[in-house]
Amino acid sequence: MPYFYAAGKRVTLTVESSLWALDTEALAVALIGESIRKRILANSRRLRGKYVLAHVPSSALESLRAAHAVQPVYRSADAMLVALPEVRVEESRPETLRRLRAWIDLRRGSIEVSEAEAGRLTLRPASGDGVEALAIANELQEEFTPELAEARFIRSIEDPNLNLKARIRPHRPNGA
Amino acid sequence: MATYKYYAAGRVRRFHASPLRTAAPVAALAAGSREPVPVAALDSGQVANVIRSRSEWLGILLEGMTEFDLLAQSDLCSGAVTLPTHSVIVDGARASELRWLRDRLGFETVREGRQGKVLLRAPQGGNAGVAAAFSAGERLFRRGNVAAAHPNFIRALPVITRPGTATSLGWNLQNDGHDGLYGADVHARAAWTITRGSPEVRVAVLDEGVDTTHPSLRPAVVAELDAVGVNSHARPDGDDAHGTACAGVILSRDAAVPGLAPLSSLVAVRIARGDGNGHWILDDFDTADAIDWCWEDARAAVLSNSWGGGPPTDVVAHAFERARTRGRGGLGCVLVAAVGNDQSPVNFPARLPLVLGVGASNSWDEIKTRTSRDGESWWGSNHGPGLDLLAPGVRIPTTDLHGPRGYSRGDFVYDFNGTSASAPHVAGAAALLLAVAPRLTASKIRDIIIGTADPLRTASGRRSQRAGARRLNAYAALRAAMRAT
């Protein structure tokens, strides 16, 4: 079962079998029929940036995976989560940071690294796969217990207006 | 000015009479408040004419007195103007006492009321009669044979504004007991006698955007960030009015629908966008970066978060921790978050240890549940670990999107609901505290706000033992903050 770490504890994730997060840029060049592409997009919901939430026909799934166009959707604590192919790492202890960097150096070919400031790193798996980002973050957690190692999640939570907005009545003072 | 004595409830009272035409213009204090609220000044001619035109009987009581003779005592607390007449009320007197009044002082019976009340008029007219009425009442009472004896007063009282009208505050700020419990509010009126906030104190509203063009918010805006898109502003999409409503609770500068800390500055941050299907979409990295931007670049002192849900995330928790420890030059930002509206355990991020998790109370000072007296059976405040205190969250007046979009067709909404409305009250209170005590640490402010909140009572009048069952008291918090500096 997939999981990630928060505050040092494992948070389990349930895979949403019927929904996928689609990278619309990758979808545009994926080797699938135009009609399927249109059908997928017609029933999609916008997530964030280039990502949409959509049902994907099983016949198209392999092609979309090959084009790195799909990411799995997870559920946890009443939210839907999508792990993007990015990991943020923070570490201020010099020795742990040295060991982290050594671990990353061994994977230079498969992980792209940027370090905006000392001890704050962003890792991107070359595969473009959110599942791999989740695995990298978990491995770092289990190996080094860094101050932060977490895959980038898009989260879909309940709109705070839900059940409240609909019942708000247009109203004026004095009943006007 | 003349001072007369009379007896009421067995004690000597003093009546400070000034000619009505020179009596201080009436400046009323709203009931229960110490802050003057200007009302239309009454002039002596108006009062005299109104009295005479409305009642022939009152004209008789003031017979022989011109508007230049009329005496009055103004009560700055209630806004009432009291006029003495040349008649005296006697209650519970034996016949012998009334005879004494008539034979010795020349008073005549004008009218007999129910239950032994008698109204008698002095033989003199004008102000001499007024003085005689005071004297006669005092002497008669001191003889010890009557229940009451004092001049008959005419009272001109200001009309008390009906709750819910544009000129009254919402119950959240001042609960007058109409449709609720008197005083079950955040004590804004009292707090405002100390401060209404300071432009130096910046409050960040992290939400689905804030209408920064709203006339009641625009003057407060000092910084905006769109963490969702690439806009140079933090305004929301379409009808998304949630953030605008939250910002209004904190610092609306509208006179009729004010925020709790209306002189504070606003940092508007858009971190979420509705998907049109009942969900908000957030990117944890962008949210974390927005939090860092708030304390690092925008110099926000308070971060108000009316959002939550889903599993915890370290990247957001760490950003909050940096804001709490490194914001405000190391004194820390005050972090506030709504606990959620499902009547279930407290949402992330409100349940983070050093975030003030805020639940909802109603106008009866109850924790908001699906069965509480407010009648809104479709939602209840979340509860349990992480709930630190409550603040009003039912039918809150606040800002809406400017123009016809949003919750209503106008610029304000009067029914904003949820812990989303509660959390900004606490953010506003924190802004007030920082205005008077800018060197207090975030932890100290957090402790003061929780420690000075009013405990809720059970139906039997006992203190509720439920965790977090205490409602924000901004005035008490302000006083404690001033003592702590």
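As shown above, the structure is provided for reference.
Keep in mind the model is a prediction, meaning the values are calculated, not measured.

## Observations concerning the overall build of chain B
Here is step 1: Along the backbone of chain B there are eleven helices and 22 strands.
Here is step 2: When each of the 485 residues of chain B is scored for burial, the buried share is 58%.
Here is step 3: Taking the intrachain contacts of chain B between residues at least 6 apart in sequence as the baseline, contacts between residues at least 24 apart amount to 69%.
Here is step 4: For chain B, the accessible area works out to roughly 19,500 Å², and carbon and sulfur atoms hold 50% of it.

## A word on the pattern of salt bridges
Here is step 1: If you walk through the whole model with that rule in mind, you get 36 salt bridges over all chains.
Here is step 2: When the shortest N-O distance is used, the salt bridge between Asp286(B) and Arg48(A) registers 3.5 Å. In this pair, Asp286(B) sits in helix α7 (residues 284-296) while Arg48(A) sits in the loop between β4 (45-46) and β5 (51-54), so the two residues belong to two different chains. The same class applies to Asp286(B) as to Arg48(A), namely buried.
Here is step 3: A salt bridge links Arg107(A) to Glu139(A); the nearest nitrogen and oxygen atoms lie 3.8 Å apart. Taken as a pair, Arg107(A) in the loop between α4 (94-105) and β8 (111-117) and Glu139(A) in helix α5 (residues 130-144) lie far apart in primary sequence, 32 residues in all.
Here is step 4: Overall, the relative accessible area of 25% leaves Arg107(A) in the partly exposed class.

## Considering the packing of helix α10 (residues 442-451) of chain B against helix α11 (residues 474-484) of chain B
Residues and elements named next belong to chain B.
Here is step 1: Running from N to C, α10 and α11 cross one another at 140 degrees; their axes reach a closest spacing of 9 Å. Classified by the angle their axes make, α10 and α11 are oblique. Handedness of the crossing formed by α10 with α11: right-handed. For the pair α10 and α11, the contacting residues are Lys444, Ile448 and Ile449 in the first and Ala477, Ala480, Ala481 and Ala484 in the second.

## Remarks on the packing of α4(A) against α5(A)
All names here are of chain A.
Here is step 1: Following both chains from N to C, one finds α4 and α5 inclined at 140 degrees, their axes separated by 11 Å at the closest point. Taken together, α4 and α5 sit at an angle that is classed as oblique. Between α4 and α5 the crossing geometry is right-handed. Contacts between α4 and α5 involve Thr96, Arg99, Leu100 and Trp103 on the former and, on the latter, Ile136, Glu139, Leu140, Glu143 and Phe144.
Here is step 2: Residue classes in the contact of α4 with α5 are distributed as five nonpolar, one polar and three charged.

## Some points on the pairing of β5(A)
All names here are of chain A.
Here is step 1: On β5, burial covers both faces: Tyr51 and Leu53 on one face and Val52 and Ala54 on the other are all buried.
Here is step 2: By the bridge criterion, two bridges tie β4 to β5 in an arrangement that is antiparallel. Paired with Arg46 across the two strands is Val52, which belongs to β5.
Here is step 3: What sits between β4 and β5 in their antiparallel hairpin is a turn of four residues, with Gly49 showing a positive phi close to 60 degrees.

## Comments concerning the interface of chain B and chain A
A common measure of how large an interface is: the accessible area buried when the components associate.
Here is step 1: The interface of chain B with chain A comprises 52 residues on the first partner and 47 residues on the second.
Here is step 2: Summing both sides of the interface, chain B and chain A together bury roughly 4,400 Å²; the carbon and sulfur share of this comes to 50%.
Here is step 3: Among the residues chain B hides against chain A, the three largest losses belong to Phe285(B), Pro311(B) and Asp314(B). Together they make up 16% of the total.
Here is step 4: Counting across the chain B and chain A interface gives eight salt bridges.
Here is step 5: One salt bridge connects Arg88(A) with Asp289(B), and the closest N-O pair in it is separated by 3.1 Å.
Here is step 6: Looking at the side of chain B that touches chain A, the elements that each hand over two or more residues are β14 (279-283), α7, α8 (314-326) and β20 (412-416) of chain B.
Here is step 7: Broken down by class, the residue content of the side of chain B that touches chain A amounts to 19 nonpolar, 18 polar and 15 charged.

## A closer look at helix α6 (residues 242-251) of chain B
Here is step 1: Of all ten residues that make up α6(B), ten are buried, and the element is covered over most of its length.
Here is step 2: When we look at burial in α6(B), the residues that qualify are His242(B), Gly243(B), Thr244(B), Ala245(B), Cys246(B), Ala247(B), Gly248(B), Val249(B), Ile250(B) and Leu251(B).

## Focus: the environment of Asp185(B)
Residues and elements named next belong to chain B.
Here is step 1: Locating Asp185 in the fold gives a position in the loop between β9 (148-156) and α5 (188-192).
Here is step 2: Relative accessible area serves as the criterion here: at 5%, Asp185 is assigned to the buried category.
Here is step 3: Sequence spacing of Asp185 and Leu472 is 287 residues, and the spatial spacing of their C-alpha atoms is 7.8 Å.

## Quick look at the packing of aromatic side chains
Residues and elements named next belong to chain B.
Here is step 1: Counted by the stated rule, this structure contains ten aromatic pairs over all chains.
Here is step 2: For the pair Phe15 and Phe134, a centre-to-centre distance of 5.5 Å together with 45 degrees between the ring planes defines the contact as tilted. Taken as a pair, Phe15 in strand β2 (residues 11-19) and Phe134 in helix α4 (residues 126-143) lie far apart in primary sequence, 119 residues in all. This pair shows no difference in class: Phe15 is buried, exactly as Phe134 is.
Here is step 3: These aromatic residues form a ring-pair network of at least three members: Tyr4, Tyr6, Phe15, Phe134 and Phe153.
Here is step 4: Stacked on the ring of Trp379, the Lys or Arg Lys368 has its end atom at 5.0 Å from the ring centre.

Conventions and cut-offs
- Residues numbered from 1 in each chain as written.
- Chains lettered and ligands numbered in written order.
- Predicted model: local features only at pLDDT ≥ 70, side-chain atom pairs only at ≥ 80, totals over all residues.
- Heavy atoms only, no water.
- Helix = DSSP H or I, 4+ residues; strand = E, 2+ residues; numbered from the N terminus.
- Buried < 20%, exposed > 50% of the residue type's maximum accessible area, 1.4 Å probe, protein only.
- Contact = heavy atoms within 4.5 Å.
- Areas by Shrake-Rupley, 256 points an atom, 1.4 Å probe, with all protein chains shown as cover.
- Salt bridge = Lys/Arg side-chain N within 4 Å of Asp/Glu carboxyl O.
- Axes fitted to C-alpha atoms, helices over the stretch in contact; angles between N-to-C directions.
- Parallel < 35°, antiparallel > 145°, perpendicular 65-115°, else oblique.
- Left-handed = near helix turned anticlockwise from the far one by under 90°.
- Nonpolar A, V, L, I, M, F, W, Y, C, P; charged D, E, K, R; others polar.
- Pairing = 2+ DSSP bridges.
- Buried area = accessible area lost by both parts, 1.4 Å probe.
- Phe/Tyr/Trp six-rings, centres within 6.5 Å; stacked < 30°, edge-to-face > 60°.
- Lys NZ or Arg CZ within 6 Å of the ring centre and 35° of its normal.

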